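Secondary and tertiary structure notes
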Amino acid sequence: MKLFRIFLVLLLTVIVTACSHGGDSYDSELCRSLASKIEKHEELTQRDYRLMISQNEQILKYLVAQAEQIEHTPETDRGQAWRSLTANPEYMERFGYMFTLGSALYEANASGILDEDNTRLYHKLDEYNERLGDYADR
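Basis of the calculations
- Residues numbered from 1 in each chain as written.
- Predicted model: local features only at pLDDT ≥ 70, side-chain atom pairs only at ≥ 80, totals over all residues.
- Heavy atoms only, no water.
- Helix = DSSP H or I, 4+ residues; strand = E, 2+ residues; numbered from the N terminus.
- Buried < 20%, exposed > 50% of the residue type's maximum accessible area, 1.4 Å probe, protein only.
- Contact = heavy atoms within 4.5 Å.
- Areas by Shrake-Rupley, 256 points an atom, 1.4 Å probe, with all protein chains shown as cover.
- Core = buried A, V, L, I, M, F, W, Y, C linked by side-chain atoms within 4.5 Å.
- pLDDT = per-residue confidence, 0-100.

**Some thoughts on the overall build of the chain**
- In terms of regular secondary structure, the chain is built from 7 helices and 0 strands.
- Going from the N terminus to the C terminus, the chain shows its helices and strands as α-α-α-α-α-α-α.
- The 138 residues of the chain split such that 34% are buried.
- Sequence-distant contacts, at least 24 apart, represent 78% of the contacts inside the chain between residues at least 6 apart.
- When the accessible surface of the chain is split by element, carbon and sulfur atoms take 54% of a total near 8,300 Å².

Written as structure tokens, this is what we have:
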């Protein structure tokens, strides 16, 4: 029964996450391309940064949704739910890109490289980062 509940919660999470994407959506190929540019220390344009911000937002929305779903599971099942989630390749892919893209964005912002629009968009990500951090602290 416990395993069934965990499965059901994860299934609902996938459905909710899939339905919650608006005009922008997560694109693993785009993230892979951007991560490659970062890792090769290629020059990044303002368009690249804008795409990174958009993808990072989609990733953060996904991660927050996953954390919220686990938060709603019975406390006795949460440890197993987290283990199941971190064994999910899609989750781990997005989690990895969050760090790669997020670190590059942080450095660009701290160095004053982002233009005005990208700076504004970058700071809007704080809401998601704070929500994710709240779940991590629990």
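Here the narrative resumes.
**Let's talk about the nonpolar core**
- Tyr49, Met52, Ile59, Leu63, Leu101, Leu105 and Leu125 are the most contacted members of the largest nonpolar core, which has 31 residues in total.
- Looking at this core, the elements with two or more residues in it are α2 (28-39), α3 (46-71), α4 (75-86), α5 (89-110) and α7 (126-137).
- Residue contributions to this core peak at 10 residues, all from α3.

**Side note on the confidence of the model for the chain**
- Taken as a whole, the chain shows an average pLDDT of 85; of its residues, 81% reach a score of 70 or greater.
- When pLDDT is averaged over each helix and strand of the chain, the minimum, 39, is found for helix α1 (residues 2-20) and the maximum, 98, for α2.

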